[in-house]
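Descriptive structure summary
Here is what each chain is made of, one letter per residue.
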Amino acid sequence: MQILVNTDEKMKGGEDQSARVAADIHARLDRFSKHITLIEVHLSDQDGKKSGGSDKRCLIQARLEDRQPEVASDNASTHKGAFSGAVKKLQHVLETSLGKCSQVKGADTIRVGD
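Everything numeric here is computed off the predicted structure, so don't read it as measured data.

Structurally, R57 can be placed in strand β3 (residues 56-64). Once the C-alpha coordinates of R57 and N75 are considered, the two residues, 18 residues apart in sequence, prove to be 4.5 Å apart. Non-local contacts of R57, meaning those with residues more than four positions away in its chain, are made with H42, L43, S44, Q46, S73, D74, N75 and A82.

Pairing is mixed across the open sheet formed by four strands, whose spatial order is β1-β2-β3-β4. Looking at which strands have only one partner, the edges of the open sheet turn out to be β1 (2-7) and β4 (70-76). Ignoring which end each strand starts from, the neighbouring axes of this sheet average 10° apart. Where β3 lies against β4, seven bridges are found, and the strand directions are antiparallel. Bridge pairing in β4 links I60 to A72. The strands that helix α2 (residues 79-98) touches are β2 (36-45), β3 and β4; relative to β4, the one it contacts most, it runs at about 150°.

So, on to helix α1 (residues 14-29). Compared with the 22 Å implied by 1.5 Å per residue over 16 residues, the 22 Å span of α1 between its first and last C-alpha is a close match. The set of residues buried in α1 consists of Q17, V21, A22, I25 and L29. Along α1, the residues classed as buried sweep out an arc of 135° about the axis, all on the same side. Among the exposed residues of α1, those pointing more than 90 degrees away from its buried face are E15, D16, R20 and A27. Its buried side turned inward, α1 meets β1, β2, β3 and α2.

With that settled, the discussion passes to the pairing of β2. Where burial is concerned, most of β2 is hidden: seven out of the 10 residues are buried. Sheet topology places β1 next to β2; six bridges connect them, and they run parallel. Each residue of the ladder has a partner; that of I3, found in β2, is I39. Two strands pair when backbone bridges link them, and β2 and β3 are joined in this way by nine bridges, in the antiparallel orientation. Bridging across to β3, I36 finds its partner in L64.

Next up on the list: the environment of D55. Inspection of the secondary structure assignment puts D55 in the loop between β2 and β3. For D55, a relative accessible area of 4% puts it in the buried group. As for D55 and H79, which are separated by 24 residues in sequence, their C-alpha atoms are 9.0 Å apart. Only 3.2 Å separates the side chain of D55 from the side chain of K56, close enough to count as a polar contact.

Analysis parameters
- Counting restarts for each chain: residues are numbered from 1 in the order of the written sequence.
- Local features in this predicted model are restricted to residues whose pLDDT is 70 or higher, and side-chain atom pairs enter the listing and the counts only when it is 80 or higher, whereas totals over whole chains, interfaces and linings include all residues.
- Heavy atoms throughout the structure, all of them, feed into the side-chain values; hydrogens and water do not.
- Starting at the N terminus, helices and strands are each numbered in turn, a helix being any DSSP run of H or I of at least four residues and a strand any DSSP run of E of at least two.
- Here a residue-residue contact requires only that any non-hydrogen atoms of the pair lie within 4.5 Å.
- Pairing between strands is defined by DSSP: at least two bridges between the two strands are required.
- As a rule, the C-alpha atoms of each element are fitted with a line to give its axis, helices using only the stretch in contact, and angles between N-to-C directions run from 0 to 180 degrees.
- Helix span is expected to be 1.5 Å times the residue number reduced by one.
- Only protein chains enter the accessibility calculation, which uses a 1.4 Å probe; a residue whose area is less than 20% of its type maximum is buried, one above 50% is exposed, and one in between is partly exposed.
- Think of it as the arc spanned by the lines of direction from the helix axis to the C-beta atoms.
- Here a polar contact means two N or O atoms within 3.5 Å. Within protein one must be a hydrogen donor candidate and the other an acceptor candidate, and residues neighboring in sequence count only if both atoms are side-chain atoms.

Following this line, the structure appears as C-alpha cells:
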C-alpha cells in the first residue's frame, strides 16, 4: 500500500508531517492493505492566515484493486482534527464496501446442522 501526502502552499510540516500521516494511515487501515493499491491524502488550509472556524480540510482517496476509488473528507479547526475525521470516515466506507476482512470470532456457531 503506497501512501502519498499532498499539502497546499499555506501549510508547514514537510517530511515529518508526511511520515506521521503515513504511520497513522498504516495503523488504522492496514487490515485493508491487500485491497488498497494507493492512498492519497490532501491537506489544505481553506482560509490561509485568517482565523476562523473549520477552515482546515483533509481529503483521503483510497484506490482499490478491481474497484472504484473510495473517498472521504472532513473539515475541522486543526489539520489533525480534519485528518482524524477523514480517516474515521474512510474506515467506515471501507468496512462497508469491502466487508469485515478476516474477522474470526473464535467460537463455533450455534447454527450447525445435525
